[in-house]
Amino acid sequence: MSKPIVTYDEVTKSFGDVEVLKGINLDIMPSEKVAVIGPSGSGKTTLIRMLMTLEQPTDGAIIVDGENLWQMEEKGRLVDADEKHLSKVRGDIGMVFQHFNLFPHMTILENCMMAPVQVQKEDKKSARKRSIEMLEKVGLGDKLDNFPNQLSGGQKQRVAMARALVMRPKIMLFDEVTSALDPELVEEVLEVIRDIALEGEMAMVLVTHEMEFALDIADRVLFLDDGVIAESGTPSEVIEHSQNERLQSFLRRFRS
Amino acid sequence: MRGMGITLTVLGGSIILGYLMAFIAGFCRLSNNTFIRKFTGFYVEIFRGTSLIVQLFWFSYALPMLFGIELGSDLVAGILAISLNYGAYMSEIVRGSILSVSNGQTEAGIALNLTPFQRMRYVIFPQALRMMLPEFGNYLIQMLKATSLISLIGMTDVLYYGNLLRSSNLAIESTVYLFILIFFFIIALPLIFLTRKLEEISKKGVET
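Definitions and cut-offs
- Residues numbered from 1 in each chain as written.
- Chains lettered and ligands numbered in written order.
- Predicted model: local features only at pLDDT ≥ 70, side-chain atom pairs only at ≥ 80, totals over all residues.
- Heavy atoms only, no water.
- Helix = DSSP H or I, 4+ residues; strand = E, 2+ residues; numbered from the N terminus.
- Buried < 20%, exposed > 50% of the residue type's maximum accessible area, 1.4 Å probe, protein only.
- Contact = heavy atoms within 4.5 Å.
- Areas by Shrake-Rupley, 256 points an atom, 1.4 Å probe, with all protein chains shown as cover.
- Lys, Arg positive; Asp, Glu negative; His and termini not counted.
- Charge placed at Lys NZ, Arg CZ, Asp CG, Glu CD.
- Buried area = accessible area lost by both parts, 1.4 Å probe.
- Salt bridge = Lys/Arg side-chain N within 4 Å of Asp/Glu carboxyl O.
- Polar contact = N/O pair within 3.5 Å; in protein donor to acceptor, adjacent residues only side chain to side chain.
- Phe/Tyr/Trp six-rings, centres within 6.5 Å; stacked < 30°, edge-to-face > 60°.
- Pairing = 2+ DSSP bridges.
- Axes fitted to C-alpha atoms, helices over the stretch in contact; angles between N-to-C directions.

A.B. asks: What is the right way to read the overall build of chain B from this model?
C.D. replies: Along the backbone of chain B there are eight helices and zero strands. Along the three orthogonal principal directions, the C-alpha set of chain B runs to about 70 × 45 × 25 Å. Here chain B holds 208 residues, and the buried ones make up 45% of them. A sequence separation of at least 24 residues applies to 74% of the contacts in chain B between residues at least 6 apart. Of the accessible surface of chain B, which amounts to about 10,800 Å², a share of 69% is contributed by carbon and sulfur atoms. Of note, chain B has its 15 positive side-chain charges centred 6 Å away from the centre of its 11 negative side-chain charges.

A.B. asks: Just checking my understanding: could you explain the interface of chain B and chain A for this structure?
C.D. replies: It is common to give the size of an interface as the accessible area lost on bringing the parts into contact. With 22 residues of chain B in contact, the opposing surface of chain A contributes 28 residues. Of the roughly 2,100 Å² buried between chain B and chain A on both sides combined, carbon and sulfur atoms contribute 59%. Along the contact surface separating chain B from chain A lie two salt bridges. Glu83 of chain A is the partner of Arg119 of chain B in a salt bridge, and the nearest nitrogen-oxygen pair spans 3.7 Å. Inspection of the region where chain B meets chain A yields nine residue pairs in polar contact (both at pLDDT 80 or more). Counting residues per element, the ones that place at least two in the side of chain B that touches chain A are α5 (103-111) and α6 (116-146) of chain B. Looking at the side of chain B that touches chain A element by element, the count peaks at eight residues for α6 of chain B.

A.B. asks: Could you clarify how one ought to interpret the packing of aromatic side chains in this entry?
C.D. replies: The description of an aromatic ring pair rests on the distance of the ring centres and on the angle between the ring planes. Residues and elements named next belong to chain B. Inspection of the entire model under this criterion finds 13 aromatic pairs over all chains. Measuring from centroid to centroid gives 4.9 Å for Tyr19 and Phe136, while their planes differ by 55°, and the two rings are tilted. Separated by 117 residues along the polypeptide, Tyr19 in helix α1 (residues 4-28) and Phe136 in helix α6 bring together distant segments of the chain. Phe136 carries the same exposure label as Tyr19, and that label is buried.

A.B. asks: Help me understand the sheet that holds strand β1 (residues 6-15) of chain A, please; the structure alone is not making it clear to me.
C.D. replies: In a beta sheet, neighbouring strands pair by backbone hydrogen bonds and run either parallel or antiparallel. Residues and elements named next belong to chain A. Taken in spatial order, the four strands line up as β2-β1-β4-β5 in an open sheet, and their pairing is antiparallel. The outermost strands of the open sheet, each flanked by one partner alone, are β2 (18-28) and β5 (67-68). Relative to β2, β1 is paired through eight bridges, and the arrangement is antiparallel. Its bridge partner lying in β2, Val11 is registered against Ile24. Packed on one face of the sheet, helix α1 (residues 44-51) meets β1, β2 and β4 (59-64) and runs near 120° to β1.

A.B. asks: Sorry, what's going on with the sheet that holds strand β10 (residues 203-207) of chain A here?
C.D. replies: Residues and elements named next belong to chain A. Strands sit in the order β8-β9-β10-β3-β11-β12 across an open sheet of six strands; the sheet is mixed. In this open sheet, the two edge strands, each paired with only one partner strand, are β8 (93-96) and β12 (228-233). Pairwise comparison of adjacent strand axes, ignoring direction, gives a mean angle of 20° for this sheet. Two strands pair when backbone bridges link them, and β8 and strand β9 (residues 171-175) are joined in this way by four bridges, in the parallel orientation. Bridge pairing links Val96 to Phe174 in β9. In the packing of α1 onto the sheet, the strands contacted are β3 (33-37), β8, β9, β10 and β11 (220-225), and the crossing angle to β9 comes to about 145°. Helix α5 (residues 153-165) contacts β8 and β9 of the sheet and is inclined by roughly 175° relative to β8.

Function cannot be inferred from these measures alone, as they are strictly geometric.
In structure tokens:
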């Protein structure tokens, strides 16, 4: 078995007095597709936000590709990571947000090109070419010079995915990417995710309420409940054969 | 009309220095360094909390007298007082605009692994600037009007010459002031148009 690309080791997270995550242990393999489900407030989003360095764990360690994400060694002691260390380790991680978070003052193409040029120091020509290819892939090749506010929610989310993909991440995080969309726009976004998943190279972590979809593409489903991973396994194990009461009642709400 | 040169010089000087101050102080108030933040906060409150006329008198009379600090000329004193005063006001706009860019933008920047500087330079600041522009335009016009105060520290601007003219011939009093009014309005006109233009620019490419 190959080495995991991400490891959570006894990770906890509290906001003030509220303990949102109570000791998460989790391995994610390269190219594995993990779906995270669970009631709202169960810490699903926090789980991946810590991996994207948007939220610092209260305790425990997250290892990315063999490197400790939130801590670094300094004079033989482990200290909180500084910006430089974070930026080195998170380089292989990309994220798509619930509310898209496109840059409103840039065109679609500029949105995609900016990071490869500025962060990866790719030359403009090739970044432009790759960005256009990526936008064509998500079906927006005709919108290159439009601004985000001229697009529908589904289109915006597809741009956000293209923007993350041109950075060639090894791990992609999806934070309830369809929750802010009108129902009729959900499918076009899911389709793009499905395409990405089928290409297979990237590890993907999807926090989602789209149960059917999660079961369809995920290698593994995690049921997060009350700050712990209450259930973990293949979709059929978790959904059909789990004895977990809370999971069953959670799933019933989706079936009805 | 005589005095126009002075009025425009003071206006130009105050605009450049004022905006410079606004950006410097605005960014300093967002600094992680407590000392820098507190110090700039002190400056902003002092200059916002006291009147511009008093500041003008301080710069041209009190400072040289009390501390022996000579600012060189009334021109420097006038420009300094106006720009520091308006710089203080506008730094609040700079600070407020930067803070009001949504947190999601910063997070998207982090997700793309931009450095903090790149996030400010390419993501936050361009959006904040669009929000600042209309307000900046308003302050531009206000600054023009504030320049008329420099006649009080004995500078020979448009208002000064107007007063001179009036005292030599009381019969034309109302005409003189009418002309001064028109003069300021004519200078303000391009600034008003500029402000409108800025508002249009700022409407483009913003979050909806």
